[in-house]
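# Notes for the structure review
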Amino acid sequence: MNSPCREKLFVEHCKGVNGLEKVVLREVRGCSAEIYLYGGQVTSWKNEYGEELLFLSSKATFTHPKPIRGGIPICFPQFANHGSLEKHGFARSRVWSIDPDPPPFSANSSSQACVDLILKHSEEEVKIWPHRYEFRLRITLGPGGDLMLTSRIRNTNTDGKSFAFTFAYHTYFAVSDISEVRVEGLETLDYLDNLKDKERFTEQGDAITFESEVDKVYLSTPTKIAILDHERKRTFVLRKDGLPDAVVWNPWDKKAKAMADFGDDEYKHMLCVEAACVEKPIILKPGEEWRGRQEISAVPSSYCSGQLDPKKVFQSD
Ligand code: TA6
């Protein structure tokens, strides 16, 4: 095992809910992240004060085949119902493995708090999605507490066939009160509205705020998006690469009540902003690899204001 991700101090392998295997990442200042092999899913991300930054429903079940409600589910090989597979694909309800020997990354991070996971086709799965693949997921907690997820998906078909897929990091951010939250970076963009049969609209006005159910796929978005939580004076900054779209979702009260694994009032304390590739599926020929990256950080809002003027910042990296 030559993974740089095995230093005991920074990476702990243990059991979580229902005895499921999980990995805890820690960095020196006290930030942490938890990852379940079930779903290859981040379920917790805490800052140096031990404050939880991701939403995980109090009703989340950690039982196969139901995906875990909250954290960062991986949607692959299909986002939502953009295809004939089960909603959001099967990766979020499969048990991933620790990748014993991940191929080197060109952009190597200095952090030792990281874990490499791998998911490969199973013979069962080939019956519903007739392709062979290797999906490598590296999750890194940076020295400053930033959380990076890098996916590398390779077509390993031996029959010469290409495959197409859509993808999302379905990130559930924890917020104090959804009606006090603003998203910057998506204004004036086109989006597909899932509440209106995926019809295409253009976002009007200023930053996005929330007063009812929202389920939109913003298209060709900038590489930086900010989620400002006024009450908590915290801003999440999401940076992405290889993922042109961004999904914004809050179920609001009625849908919340209809979900068995979601508390009736929990919609007030979460917002999904998802780095995604939905509109134009990714196509891989045999032997080809795709890479998609999401990096999230949480900073005090005072630090962000001004720097997040979309005209100044969102076009740059
Ligand atoms: O990403 C938004 C979305 O596709 C919504 O339509 C909403 O249903 C959500 O995902 C959650 O889906 P799930 O299958 O986890 O209940």
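Notes on the structure follow. Every value quoted in this text rests on a predicted model; they were computed, and no experiment measured them. (Residues numbered from 1 in each chain as written. Predicted model: local features only at pLDDT ≥ 70, side-chain atom pairs only at ≥ 80, totals over all residues. Heavy atoms only, no water.)

### Quick look at the overall build of the chain
The helix and strand inventory of the chain stands at four helices and 20 strands. At 19 Å, the chain has a C-alpha radius of gyration in line with the 20 Å of a compact globule built from 317 residues. Looking at the chain as a whole, 55% of its 317 residues qualify as buried. Across the chain, the fraction of contacts at a sequence separation of at least 24, relative to all contacts at a separation of at least 6, is 65%. When the accessible surface of the chain is summed, it comes to about 14,200 Å², and 49% of that surface belongs to carbon and sulfur atoms. A gap of 3 Å separates the mean positions of the 42 positive and 47 negative side-chain charges of the chain. (Helix = DSSP H or I, 4+ residues; strand = E, 2+ residues; numbered from the N terminus. Rg over C-alpha atoms; globule rule 2.2 N^0.38 Å. Buried < 20%, exposed > 50% of the residue type's maximum accessible area, 1.4 Å probe, protein only. Contact = heavy atoms within 4.5 Å. Areas by Shrake-Rupley, 256 points an atom, 1.4 Å probe, with all protein chains shown as cover. Lys, Arg positive; Asp, Glu negative; His and termini not counted. Charge placed at Lys NZ, Arg CZ, Asp CG, Glu CD.)

### Some thoughts on the site of the ligand
Every residue close to the ligand is listed here: Arg 69, Phe 79, Ala 80, Lys 87, His 88, Arg 92, His 170, Asp 215, Val 247, Trp 249 and Glu 274. Between the ligand and Arg 92 there is a distance of 2.8 Å, counted from an oxygen atom to a side-chain nitrogen or oxygen. Between the ligand and the protein, one listed contact pairs an oxygen atom with a side-chain N or O atom of Asp 215 at 2.5 Å. Its residues placed into classes, the shell around the ligand shows four nonpolar, two polar and five charged. (Near = heavy atom within 4 Å. Polar contact = N/O pair within 3.5 Å; in protein donor to acceptor, adjacent residues only side chain to side chain. Nonpolar A, V, L, I, M, F, W, Y, C, P; charged D, E, K, R; others polar.)

### A short note on the sheet that holds strand E8 (residues 133-141)
Taken together, the eight strands give an open sheet; going across it, the order is E6-E7-E8-E9-E20-E17-E16-E12, and neighbouring strands pair in antiparallel fashion. Both outer strands of the open sheet, strand E6 (97-98) and strand E12 (181-184), are each paired with one neighbouring strand and no more. Direction of pairing for strand E7 (residues 114-120) relative to E8: antiparallel, over a ladder of seven bridges. By the bridge assignment for E8, Leu 119 is matched with Phe 135. (Pairing = 2+ DSSP bridges.)

### Digging into the sheet that holds strand E4 (residues 41-46)
Overall, antiparallel pairing links the four strands, which are arranged E1-E2-E3-E4 in an open sheet. The strands lining the two open edges of the sheet, one partner per strand, are strand E1 (11-15) and E4. The average undirected angle you get between the axes of adjacent strands in this sheet is 20°. Note that E1 and strand E2 (residues 21-26) share five bridges and pair antiparallel. Paired with Glu 12 across the two strands is Val 24, which belongs to E2. (Axes fitted to C-alpha atoms, helices over the stretch in contact; angles between N-to-C directions.)

### Things to note about the packing of aromatic side chains
Per the counting criterion, the structure on display carries 24 aromatic pairs. Every member of this aromatic cluster is reached through a ring pair, and the members are Phe 76, Phe 90, Trp 96, Trp 129, Tyr 133, Phe 135, Phe 163, Phe 165, Phe 167, Tyr 169 and Trp 290. Sitting over the ring of Tyr 191, Lys 216 keeps its end group 4.3 Å from the ring centre. (Phe/Tyr/Trp six-rings, centres within 6.5 Å; stacked < 30°, edge-to-face > 60°. Lys NZ or Arg CZ within 6 Å of the ring centre and 35° of its normal.)

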